[in-house]
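Listed below are the residues making up each chain.
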Amino acid sequence: MKIALIGTGFIGTTLGSSLADAGHEVVYGSRHPGESAPGGGTVASIGEVLADPDVVILALPGAAVAELTAAHGDALAGKLVIDATNRMGAEVANARASLPPTVRYARAFNTLGGENMADPVFGGERADMFFSAPSGDREAVETVIAGVGLRPIYVGEDEEAIIDALFQLWIALAMRQGRGRRLALRLLEG
Ligand SMILES: NC(=O)c1ccc[n+]([C@@H]2O[C@H](COP(=O)([O-])OP(=O)(O)OC[C@H]3O[C@@H](n4cnc5c(N)ncnc54)[C@H](OP(=O)(O)O)[C@@H]3O)[C@@H](O)[C@H]2O)c1
């Protein structure tokens with residue numbers, strides 16, 4: 001798949017490195033095109049990378065998504081967009097309301113500290129990544145999540161509020177309860 005990552009920071013390059021290793025074509029969109037991304041990879045302008053990707057992953061501050069839409073709303077319209085952003089402390093953590101309403105909106109990669117996505121195996125078991133997405137895009141998002149080395153668990157369509165509750169659970173356990181950032185969730189089924 002051709003994957004456009006918006007943001008070349010911790011989460012952008014963590015996801016991008018794993019996805020490139022998994023054989024995907026990864027391009028980074030940045031306000032500083034031409035710079036090299038940590039870990040390698042092509043860094044182009046945001047406009048360029050939004051031209052024809054199969055999927056867009058948002059790995060920039062949640063508060064910056066409105067600005068992204070103001071500048072690139074036409075290019076985002078109709079695309080499969082995985083929102084990995086979190087607005088810490090805000091009533092709604094996700095950035096869906098700042099995106100064009102026509103995006104095929106998926107919510108994933110926001111529920112774990114980035115180091116767990118860089119190294120998703122705990123005692124031989126892959127951590128789970130719970131996600132929501134339009135049902136027609138479920139398989140594509142599963143492919144992206146599996147490309148990062150996580151086990152995808154589909155929660156449904158338009159279920160970002162459930163995914164955001166898992167983000168809040170992670171913050172409560174890892175940070176407020178002091179269990180530490182090396183913490184992930186796993187679904188057990190009988
Ligand atoms: N850190 C975590 O463990 C973690 C886990 C899950 C989700 N998240 C979420 O993932 C997102 C990225 O976090 P991060 O830790 O990767 O942050 P980061 O290392 O600070 O990277 C942020 C990236 O966003 C870019 N950016 C900032 N403002 C922008 C704008 N207006 N337009 C385009 N690009 C812009 C920055 O590029 P410039 O060089 O242009 O500033 C940088 O590449 C955040 O929403 C965060 O809440 C973080």
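Residues numbered from 1 in each chain as written. Predicted model: local features only at pLDDT ≥ 70, side-chain atom pairs only at ≥ 80, totals over all residues. Heavy atoms only, no water.

Draft legend 1. Expanded view of the side chain of E160. Looking at where E160 falls in the secondary structure, it is placed in helix α6 (residues 160-176). When residues no more than four places from it in sequence are discounted, the contact partners of E160 are N94, R96, Y105, R107 and S132. (Helix = DSSP H or I, 4+ residues; strand = E, 2+ residues; numbered from the N terminus. Contact = heavy atoms within 4.5 Å.)

Draft legend 2. Quick peek at the site of the ligand. If you check the shell around the ligand, you find 23 residues, and the closest are T8, I11, R31, L60 and G114. At 2.8 Å from an oxygen atom of the ligand is found a main-chain nitrogen or oxygen belonging to T8. Contact between the ligand and G9: an oxygen atom at 3.1 Å from a main-chain N or O atom of the residue. Isolated, the ligand exposes 900 Å² of accessible area, and the fraction of that covered by the protein chains is 74%. Counted by class, the shell around the ligand contains 10 nonpolar, 10 polar and three charged residues. (Near = heavy atom within 4 Å. Polar contact = N/O pair within 3.5 Å; in protein donor to acceptor, adjacent residues only side chain to side chain. Areas by Shrake-Rupley, 256 points an atom, 1.4 Å probe, with all protein chains shown as cover. Nonpolar A, V, L, I, M, F, W, Y, C, P; charged D, E, K, R; others polar.)

Draft legend 3. Representation of the pattern of salt bridges within the structure. In this structure the tally under the stated criterion is 12 salt bridges. The shortest N-O distance in the salt bridge between R96 and E160 comes to 3.1 Å. Here E160 lies in helix α6 and R96 lies in the loop between β5 (80-83) and β6 (104-107), a separation of 64 residues in the sequence. Under the relative-accessibility criterion, R96 is labelled partly exposed at 27%. Between R138 and E142 there is a salt bridge, with its nearest N and O atoms 3.0 Å apart. Of this pair, R138 and E142 both sit in helix α5 (residues 138-147), four residues apart, which is roughly one turn of the helix. Classification of R138 by relative accessible area gives partly exposed; the value is 37%. By sharing partners, the salt bridges in this structure join E125, D128, R151 and R186 into a single network. (Salt bridge = Lys/Arg side-chain N within 4 Å of Asp/Glu carboxyl O. Buried < 20%, exposed > 50% of the residue type's maximum accessible area, 1.4 Å probe, protein only.)

Draft legend 4. Structural view of the packing of aromatic side chains. For the structure on display, the rule yields one aromatic pair. Look at F131 and Y154: their rings are 5.2 Å apart centre to centre, the planes differ by 45°, and that puts the pair in the tilted class. Linking F131 in strand β9 (residues 128-132) with Y154 in strand β10 (residues 151-156), this pair joins segments that are 23 residues apart in sequence. On the accessibility criterion, F131 (0% relative accessible area) is buried. When the ring centre of F122 is taken as origin, the NZ or CZ atom of R182, which lies over that ring, is 3.8 Å away. (Phe/Tyr/Trp six-rings, centres within 6.5 Å; stacked < 30°, edge-to-face > 60°. Lys NZ or Arg CZ within 6 Å of the ring centre and 35° of its normal.)

Draft legend 5. Examining the environment of T42 more closely. You can see T42 is positioned in strand β3 (residues 42-45). For the pair T42 and V27, spaced 15 residues apart in the sequence, the C-alpha separation amounts to 5.3 Å. Residues in contact with T42, not counting those within four places in the same chain, are V26, V27 and Y28.

Draft legend 6. Quick peek at helix α3 (residues 65-76). Helix length check: α3 (12 residues) gives 11 Å between terminal C-alpha atoms against 16 Å at 1.5 Å per residue, more than 12% under. Taken residue by residue, α3 has V65, L68, T69, H72, G73 and L76 as its buried positions. Next to the buried residues of α3 lie β1 (2-6), α2 (46-49), β4 (55-58) and β5. The positive-phi residue at the C-terminal boundary of α3 is G78, with phi of around 85°. (Expected span 1.5 Å × (residues − 1).)

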